[in-house]
There are 2 protein chains.
Amino acid sequence: MAGVRRFDEEEVLAKAEAVFRQKGYEATSMLDLASATGVQRGSLYHAYGDKEELFLRTFGRYEARFLTATAQVLEGADIRAALTAFFDIAIANMTAGPARGCLTTKTAAEGEQTSARIRAEVRGLLDELDALLAAAFARAGAQGALALPADEASRMVVTFTRGLAVMERVYGDAGALRDTARTLIDLLVPTRPSV
Amino acid sequence: MAGVRRFDEEEVLAKAEAVFRQKGYEATSMLDLASATGVQRGSLYHAYGDKEELFLRTFGRYEARFLTATAQVLEGADIRAALTAFFDIAIANMTAGPARGCLTTKTAAEGEQTSARIRAEVRGLLDELDALLAAAFARAGAQGALALPADEASRMVVTFTRGLAVMERVYGDAGALRDTARTLIDLLVPTRPSV
DNA sequence: TGTATCCTTGACAAGGGTGTCAAATTTGAC
DNA sequence: GTCAAATTTGACACCCTTGTCAAGGATACA
């Protein structure tokens with residue numbers, strides 16, 4: 001039963017992600033990960049070194065997926081449609097499937113409990129998200145569709161989305177999240193006062 | 001060295017609160033609390049039963065203080081000034097003093113990691129906060145000062161404030177939080193279009 | 001086939017956390 | 001002054017977690 005790696009890395013990272021999402025970084029033990037992935041604890045240590053490294057791999061994979069999807073929906077010219085699609089992604093991310101919870105927000109909330117490296121990764125994701133949103137808003141702002149300058153609007157959306165993730169933890173009501181998101185969109189992109 | 005309780009309950013709860021804020025409920029051990037309060041672990045168990053009970057006492061005290069202060073600043077007739085004061089309180093709460101961090105948000109983010117009783121307390125605080133805000137908005141809305149119906153506006157502020165607490169953990173920039181809060185206020189309470 | 005390499009597995013040591021308890025000690029009341 | 005009640009204290013048992021390691025087994029390549 002050895003000689004060459006016997007587990008599929010993608011599968012392990014996907015299952016580890018689900019655990020980290022639900023329990024958060026600190027509360028997840030290597031034993032939890034071993035149980036969830038079906039890979040023995042010793043093998044995980046052998047392959048990744050420690051929990052932090054395994055988390056960083058998981059997080060990187062998650063970040064790439066999330067930012068790619070976000071960039072894609074923000075491409076369109078209609079900023080209202082783009083924002084709606086963005087919140088759909090973000091909310092689905094928190095509420096759908098067995099891997100509920102927002103990995104970014106949960107990790108961010110742990111604050112100084114986690115290592116500087118992990119905090120830097122979280123900050124990096126939020127910075128990138130902010131930049132994507134700001135670019136989309138800048139395009140829309142040129143068309144006079146926005147109630148705010150692009151950088152203020154992006155900051156607002158990033159902050160607000162963190163709030164949604166916390167509200168999901170407390171109330172677990174995806175419908176309410178969508179309603180609140182729509183309210184924000186209405187504030188940011190007022191219906192044009194007809195020429 | 002015994003016979004009657006030798007510690008001041010208020011002092012113990014205040015110091016415990018500081019620890020819970022910084023580390024969060026799960027990450028705080030009874031030994032942490034014993035060190036911070038100067039009361040031996042055994043005495044804490046004797047006085048409170050367990051960590052959850054001690055946390056609930058701490059949280060109740062925090063909740064009362066926070067809601068009282070909020071109700072007070074929301075009393076005024078000028079909704080813009082009231083909101084500004086509210087965010088000042090909330091942001092000071094997260095960033096000032098040795099007890100940094102928002103206890104509500106940090107606990108909320110732990111989600112299902114904590115007991116149903118703790119989650120109910122957190123929900124209770126947010127419900128009360130929402131009600132206070134909704135009442136203040138309802139008074140302002142009657143004067144046509146608001147961009148949103150009172151219940152949507154209160155939901156928005158509650159959600160947004162959770163987001164601020166997460167952003168504080170990530171960026172630790174109180175000034176940026178204040179700027180973002182002011183942006184939200186401007187969206188919610190548009191400057192009157194002069195009669 | 002032989003051998004070096006790599007992965008897996010179970011065990012181990014060390015550290016920390018929780019909750020309990022008996023002994024010691026002090027207080028307050030009778 | 002004596003006694004009951006309550007608090008403090010340190011120790012104990014138990015469990016979980018991390019990280020390491022040696023032994024065992026499979027693979028690939030020469």
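Residues numbered from 1 in each chain as written. Chains lettered and ligands numbered in written order. Predicted model: local features only at pLDDT ≥ 70, side-chain atom pairs only at ≥ 80, totals over all residues.

Would you mind going over the overall build of chain A with me for this structure?
The helix and strand inventory of chain A stands at nine helices and zero strands. Reading the helices (α) and strands (β) of chain A from amino to carboxyl end gives α-α-α-α-α-α-α-α-α. Dimensions of chain A, computed from C-alpha atoms along their principal axes, come out at roughly 70 × 30 × 30 Å. In chain A, which comprises 195 residues, the share counted as buried stands at 38%. In chain A, 61% of the contacts between residues at least 6 apart in sequence involve partners at least 24 apart. (Helix = DSSP H or I, 4+ residues; strand = E, 2+ residues; numbered from the N terminus. Buried ≥ 20, exposed ≤ 12 C-beta atoms within 10 Å, placed from the backbone. Contact = placed C-beta atoms within 7 Å.)

How should the interface of chain A and chain B be read in this particular structure?
Size of an interface, as often reported, equals the accessible area lost when the parts are brought together. Taken residue by residue, the interface counts 32 residues in chain A and 32 residues in chain B. Secondary structure elements with two or more residues in the side of chain A that touches chain B: α6 (103–110), α7 (116–141), α8 (150–171) and α9 (174–188) of chain A. Of the residues forming the side of chain A that touches chain B, the biggest block, twelve residues, is contributed by α8 of chain A. Partitioning the side of chain A that touches chain B into residue classes produces 15 nonpolar, nine polar and eight charged. (Nonpolar A, V, L, I, M, F, W, Y, C, P; charged D, E, K, R; others polar.)

I keep staring at the relation of the copies chain A and chain B and nothing clicks. Help me out?
In summary, the two copies of the chain are related to each other by a rotation about an axis coupled with a shift along it. Mapping chain A onto chain B leaves a residual RMSD of 0.0 Å; the transformation is a rotation of 180° accompanied by 0.0 Å of translation along its axis. As the rotation angle and translation indicate, the two copies are arranged about a two-fold axis. Nearest to the rotation axis, the C-alpha of Gly 163 of chain A is located 1.8 Å from it, this being the minimum over chain A. Looking at chain A, 100% of its interface residues are interface residues in chain B too, so the copies touch through the same face. (Least-squares fit on C-alpha atoms with pLDDT ≥ 70 in both.)

Help me out: how do you make sense of the nonpolar core in this one?
Inside soluble globular proteins, nonpolar side chains tend to come together where they are buried. Core analysis: the largest hydrophobic core is formed by 98 residues, its most contacted members being Leu 133 and Leu 164 of chain A together with Leu 133 and Leu 164 of chain B. Filtering out sequence-adjacent residues up to four positions away, Leu 133 of chain A remains in contact with Leu 74, Ser 154, Val 157 and Val 158 of chain A. (Core = buried A, V, L, I, M, F, W, Y, C linked by C-beta atoms within 7 Å.)

Please clarify how the packing of α9 of chain A against helix α8 (residues 150–171) of chain B should be interpreted in this entry.
The geometry of a pair of packed helices is captured by two quantities: the angle between their axes and the separation between those axes. Packing of α9 of chain A against α8 of chain B brings their axes to within 10 Å, and their N-to-C directions diverge by 100°. Classified by the angle their axes make, α9 of chain A and α8 of chain B are roughly perpendicular. In contact with Thr 180, Thr 183 and Leu 184 of chain A of α9 of chain A, α8 of chain B contributes Glu 152, Arg 155, Met 156 and Thr 159 of chain B. Within the contact of α9 of chain A with α8 of chain B, the residues separate by chemical class into two nonpolar, three polar and two charged. (Axes fitted to C-alpha atoms, helices over the stretch in contact; angles between N-to-C directions. Parallel < 35°, antiparallel > 145°, perpendicular 65-115°, else oblique.)

I would appreciate a short explanation of the environment of Gly 141 of chain A in the present structure.
Residues and elements named next belong to chain A. Note on placement: Gly 141 falls in helix α7. Under the C-beta neighbour-count criterion, Gly 141 is labelled partly exposed, with 18 such atoms within 10 Å. Put simply, Gly 141 and Ile 79 are 62 residues apart on the chain and 9.2 Å apart in space, counted from C-alpha to C-alpha. Other than its neighbours up to four places away in sequence, Gly 141 contacts Leu 146, Pro 149 and Ala 150.

Whenever I open this one, helix α5 (residues 79–95) of chain A confuses me. Can you help?
An α-helix turns once every 3.6 residues. As a result, residues three or four positions apart point the same way. Residues and elements named next belong to chain A. For α5, built from 17 residues, the straight-helix expectation of 24 Å at 1.5 Å per residue is met to within 8% by its first-to-last C-alpha distance of 24 Å. Of all the positions in α5, only Ile 79, Ala 82, Leu 83, Phe 86, Phe 87, Ala 90, Ile 91, Asn 93 and Met 94 are classed as buried. On an axial view of α5, the arc spanned by its buried residues comes to 160°, and they lie on one face. Buried residues along α5 sit in contact with α4 (51–73), α7, α8 and α9. Backbone geometry just downstream of α5 places Gly 97 in the positive-phi region, at approximately 70°. (Expected span 1.5 Å × (residues − 1). Arc of directions from axis to C-beta.)

What exactly am I supposed to notice about helix α1 (residues 9–23) of chain A here?
All names here are of chain A. In this model, α1 (15 residues) spans 21 Å end to end at C-alpha, consistent with the 21 Å of a helix rising 1.5 Å per residue. Burial in α1 covers these residues: Val 12, Lys 15, Ala 16, Glu 17, Phe 20, Arg 21 and Gln 22. Here the buried face of α1 lies against α2 (30–37), α4 and α6. Two residues or fewer past α1, Gly 24 is found with a positive phi of approximately 85°.

Looking at this structure, how should I read the environment of Ala 90 of chain B?
Residues and elements named next belong to chain B. With respect to the helices and strands, the residue Ala 90 is situated in helix α5 (residues 79–95). Residue classification places Ala 90 among the buried residues on the basis of 24 C-beta atoms within 10 Å. In this structure, the C-alpha to C-alpha distance between Ala 90 and Thr 161, residues 71 residues apart in sequence, is 7.6 Å. Not counting residues up to four positions away in its chain, the partners in contact with Ala 90 are Thr 161 and Leu 164.

What am I meant to see in the packing of α1 of chain A against α2 of chain A here?
Residues and elements named next belong to chain A. One can describe the packing of α1 onto α2 by two numbers: an axis separation of 9 Å at closest approach and a directional angle of 130°. Between α1 and α2, the angle is such that the two are oblique. Read as a crossing pair, α1 and α2 show a hand that is right-handed. Along the contact surface, α1 presents Val 12, Lys 15, Ala 16, Ala 18, Val 19 and Lys 23, while α2 presents Asp 32, Leu 33, Ala 36 and Thr 37. For the contact of α1 with α2, the class distribution of residues is six nonpolar, one polar and three charged. (Left-handed = near helix turned anticlockwise from the far one by under 90°.)

Help me understand the environment of Leu 184 of chain B in this model?
For Leu 184 of chain B, the location among the structural elements is in helix α9 (residues 174–188). Expressed as a C-alpha distance, the spacing of Leu 184 of chain B and Phe 160 of chain B, which sit 24 residues apart in the sequence, is 8.6 Å. Not counting the four nearest positions on each side in its chain, Leu 184 of chain B is found in contact with Met 156 of chain A together with Phe 160 of chain B.

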